[in-house]
Amino acid sequence: AIIALIATFMFRLKLLKFEMGTDVMNNLQKKIQDGAKAFLKTEYYYLTFFVIFIFAILVIVFSVSTNSSINATAGIRIGACFVAGAILSASAGYYGMIVATDANVRTTQAADKQGLDAALQVAFTGGAAMGFVVVGLGLLGLAGFYLIMGVGYEENNSVCLIIYPQLSSNSHAG
């Protein structure tokens, strides 16, 4: 996850080194980016209500479960993981939109001034930055959720044994 996020940062820096384009192109890019930001702001506003609703359902369902293998705190942890996943997903989407609109104007400039090869290099750099942020945030969230969900369960839980090997009565770890 960390390597993917570092790669995202490096690709973003590389993308920023390419020329932006003419004033007309930059004004058009700014308008497109502003429109995309307004769309995402509205979309995320309405998705917030959906996320809160699903969070409440998850907390209720997993807090009142009669299954003895479910920890008493599972409801809040599952709900929190859902909310955190939604936030990570929204962050990746927002970052991807910023990079995409920025890469588009730079790709157009490269195609106009330097040709197809330069334009493809810019386009792939922007695509790589967007792709790696999705992978990096996804893996970061998955690793964190895996750890959070394993803590507090019986000692044979594999997550607890990885983090706290002394919990295992059979542990030969020193």
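So, a few notes on the structure that sits alongside this text.

Focus: the layout of surface pockets
Considering only enclosed or pocket space, the largest pocket measures out at about 210 Å³ in volume. Along its surface, the largest pocket is lined by Tyr44, Leu47, Thr48, Phe50, Val51, Phe82, Val83, Ala86, Ile87, Ser89 and Ala90. Of all elements in the fold, only α2 (23-63) and α3 (74-113) reach the threshold of two or more residues within the lining of the largest pocket. Of the residues forming the lining of the largest pocket, the biggest block, six residues, is contributed by α3. In terms of residue class, the lining of the largest pocket is made up of nine nonpolar, two polar and no charged.

Description of the nonpolar core
Leu15, Phe18, Val99, Ala103, Ala110, Ala118, Ala119, Val122 and Ala129 form the largest nonpolar core, which has nine residues in total. Of all the secondary-structure elements, those providing two or more residues to this core are α3 and α4 (116-150). If you tally residues by element for this core, the top one is α4, at four residues. Once residues lying within four places of it in the same chain are set aside, the contact partners of Ala110 are Gly115, Ala118, Ala119 and Val122.

Topic: the side chain of Gln29
When you line up the elements, Gln29 lands in helix α2. The buried category is assigned to Gln29, whose relative accessible area is 10%. Those residues in contact with Gln29, other than ones at most four positions away along the chain, are Met20, Thr101, Asp102 and Val105.

With respect to the pattern of salt bridges
For the structure shown, the criterion picks out four salt bridges. Salt-bridge contacts for Asp102 lead to Arg12; the nearest nitrogen and oxygen are separated by 2.8 Å. With Asp102 in helix α3 and Arg12 in helix α1 (residues 2-16), this pair connects stretches of sequence that are 90 residues apart. Each of the two residues, Asp102 as well as Arg12, counts as buried. With a shortest N-O distance of 3.2 Å, Lys30 and Asp34 are connected by a salt bridge. On the criterion of helical spacing, the pair formed by Lys30 and Asp34 is a turn pair, its members being four residues apart in helix α2.

About the thresholds
- Residues numbered from 1 in each chain as written.
- Predicted model: local features only at pLDDT ≥ 70, side-chain atom pairs only at ≥ 80, totals over all residues.
- Heavy atoms only, no water.
- 1 Å grid on protein atoms, 1.4 Å probe; cavity = no way out; pocket = protein on both sides within 12 Å on 5 of 7 lines; lining within 4 Å.
- Points joined across faces, edges and corners; volume = space filled by probe spheres on them.
- Helix = DSSP H or I, 4+ residues; strand = E, 2+ residues; numbered from the N terminus.
- Nonpolar A, V, L, I, M, F, W, Y, C, P; charged D, E, K, R; others polar.
- Core = buried A, V, L, I, M, F, W, Y, C linked by side-chain atoms within 4.5 Å.
- Buried < 20%, exposed > 50% of the residue type's maximum accessible area, 1.4 Å probe, protein only.
- Contact = heavy atoms within 4.5 Å.
- Salt bridge = Lys/Arg side-chain N within 4 Å of Asp/Glu carboxyl O.

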